[in-house]
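Structural overview for review
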Amino acid sequence: MIFVCDVGNTNIVLGIYKENQLEFHWRLETHSNKTEDEYAMIIKNLLSHVGLTFEDIEGAIISSVVPSLIFALERMCEKYFRTVPLVVGSNVEVGLKLDYANPNEIGADRIVNAVAAVEYYKTPSIVVDFGTATTFCYIDENENYRGGAIAPGVNISTEALYRHASKLPRVKLSTPEHVIGQSTVDAIQSGVVYGYVGLVEGIVGRMKQVSPVLPTVIATGGLASFIAKETDVFDFLDPFLTLKGLYLIYQKNKDGGR
Ligand SMILES: Nc1ncnc2c1ncn2[C@@H]1O[C@H](COP(=O)(O)OP(=O)(O)O)[C@@H](O)[C@H]1O
Ligand SMILES: CC(C)(COP(=O)(O)O)[C@@H](O)C(=O)NCCC(=O)O
Ligand SMILES: [K+]
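Please read all numbers here as calculations on a predicted model, not as lab measurements. (Residues numbered from 1 in each chain as written. Chains lettered and ligands numbered in written order. Predicted model: local features only at pLDDT ≥ 70, side-chain atom pairs only at ≥ 80, totals over all residues.)

Here we look at the site of ligand 1
The local shell around ligand 1 holds 13 residues, among which Gly8, Thr10, Gly131, Thr132 and Gly222 are the closest. When its residues are assigned to classes, the shell around ligand 1 shows two nonpolar, 10 polar and one charged. Residue contributions to the shell around ligand 1 reach at least three from each of two domains, namely domain 1 (2-87) and domain 2 (97-241). (Near = placed C-beta within 6 Å. Nonpolar A, V, L, I, M, F, W, Y, C, P; charged D, E, K, R; others polar. Domains from an automatic or database assignment.)

See below:
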């Protein structure tokens, strides 16, 4: 079984692949100061809950946009799974041309998403990942990663509003009944939800305008299903795109590609 793990700024999403299928998946809170031992014990419990142990894990791959956790999770794999994990970004072949001023700068999650998009969907494509940030990545018809856009995420945008305006409360992320809000809470929900839908449709629309062929638009990330309910801009909703990409990269590299 193969352990796949994507560390985002809010959540760590992890899964177990067995015979090319994602058999189990879980979501943990990201704590950038947690140690390899702490994460190992959490994961030990999750595995045991589905009847697995560390010994069942034959290989591992990690992508992380939180640098301090790369080392901890690498150590965890070595110490508890007894396997050296592949880490996206360090000597791992992803099989995509990265057309970016400095390719080392690209978030590992964005690269992994692009790998999965190329494998599972028709290019050109736009991957929209709704996490702490919302990222948009354009992959052209020659399967080149061409960059994209990074916007403040849905939750942190809402958070900023409540933190910086004394009279505005923290509100639950929820679609209001009307765009014309009749209370402060309704008005904030309208601004956040419809504002965000506008942002997404706007960026995707502009990317379509500069794409020679109509791109396939794929949504992923923890908040994708929430936004997808409010717009028809997406062709596909694929919540596990990042884990799928990790498994593809694992397979490309497992036999000494490193
Ligand atoms: N099981 C879930 N279903 C729907 N939304 C979720 C779920 N778990 C977390 N979320 C939402 O997704 C957000 C995190 O999205 P994610 O893509 O994991 O972010 P990041 O990659 O930046 O850590 C959380 O803040 C939460 O609001
Ligand atoms: C843009 C991101 C913060 C998104 O991370 P996430 O929302 O998944 O936590 C991450 O991909 C990142 O740190 N990228 C580096 C900059 C870049 O991709 O150009
Ligand atoms: K992510």
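What about the domain arrangement of the protein chain?
One frequent convention defines the size of an interface as the accessible area lost when the parts assemble. Along its sequence, the protein chain is organised into domain 1 (2-87) and domain 2 (97-241). Between the C-alpha centres of domain 1 and domain 2 there is a distance of 26 Å. At the level of elements, β3 (21-29) and β4 (59-64) are the ones that each hand at least two residues to the side of domain 1 that touches domain 2. For the side of domain 1 that touches domain 2, a count of residues per class yields two nonpolar, seven polar and one charged. (Helix = DSSP H or I, 4+ residues; strand = E, 2+ residues; numbered from the N terminus.)

A closer look at the site of ligand 2
Ligand 2 sits among 14 residues. The nearest are Gly8, Asn9, Gly107, Gly131 and Thr132. Going through the elements one at a time, α3 (108-120) and β8 (133-139) are the ones with two or more residues in the shell around ligand 2. Within the shell around ligand 2, the residues separate by chemical class into four nonpolar, seven polar and three charged.

With respect to unusual backbone geometry
At the junction of Thr123 and Pro124, the peptide bond is cis and its omega measures out at -5° in the coordinates. Tracing the chain through its elements places Pro124 in the loop between α3 and β7 (125-130). A positive phi angle is found at Glu19, which is not glycine, with a value near 50°. As for its placement among the helices and strands, Glu19 is situated in the loop between β2 (11-18) and β3. Backbone geometry places Glu143, a non-glycine residue, at a positive phi of 65°. Mapped onto the secondary structure, Glu143 falls in the loop between β8 and β9 (144-152). Accessibility expressed as a C-beta count within 10 Å gives 17 for Glu143, which makes it partly exposed. (Buried ≥ 20, exposed ≤ 12 C-beta atoms within 10 Å, placed from the backbone.)

Some remarks on the UniProt feature "binding site: K(+)" (unreviewed entry) in the protein chain
UniProt records the feature "binding site: K(+)" (unreviewed entry) for Asp129 in the present numbering. Here Asp129 shows up in strand β7. In this structure Asp129 comes out as buried when scored by C-beta crowding, with 28 C-beta atoms within 10 Å. Beyond its immediate chain neighbours, meaning those up to four positions away, Asp129 contacts Asp109, Asn113, Thr134, Thr135, Thr220 and Gly221. (UniProt positions renumbered as here; feature names shortened; annotations may be inferred. Contact = placed C-beta atoms within 7 Å.)

Let's talk about the pairing of β4
Along a regular strand, successive side chains alternate from one face of the sheet to the other. With respect to burial, β4 is a largely interior element, five of its six residues being buried. Relative to β4, strand β1 (residues 2-7) runs parallel, the two sharing six bridges. Across the sheet, the residue bridging to Val7 is Ser64, located in β4. Here β4 runs beside strand β5 (residues 86-87); their pairing, made up of two bridges, is parallel. Paired with Ile61 across the strands is Leu86, a residue of β5. Read as a crossover between parallel neighbours, the route from β4 over helix α2 (residues 67-81) to β5 is right-handed. (Pairing = 2+ DSSP bridges. Right-handed = clockwise from strand over helix to strand, strands pointing away.)

Focus: the UniProt feature "binding site: substrate" (unreviewed entry) in the protein chain
Per the UniProt record, the feature "binding site: substrate" (unreviewed entry) sits at Tyr100, Gly107, Ala108, Asp109, Arg110 and Thr184. An extended arrangement is adopted by the annotated residues: their sequence extent is 85 residues, and the largest C-alpha distance between any two is 42.2 Å. With respect to the secondary-structure elements, Tyr100 resides in the loop between β6 (97-98) and α3. Ignoring sequence-local partners within four residues, the contact set of Tyr100 consists of Glu105, Ile106 and Gly147.

Focus: the sheet that holds β2
One open sheet holds the five strands; their spatial order is β3-β2-β1-β4-β5, and the pairing between them is mixed. Looking along the sheet, the strands with just one partner apiece sit at the ends: β3 and β5. Running at roughly 170° to β4, α2 makes contact with β1, β4 and β5 of the sheet. Set on the sheet, helix α7 (residues 241-253) makes contact with β1, β2, β3, β4 and β5; between it and β1 the angle comes to about 125°. (Axes fitted to C-alpha atoms, helices over the stretch in contact; angles between N-to-C directions.)

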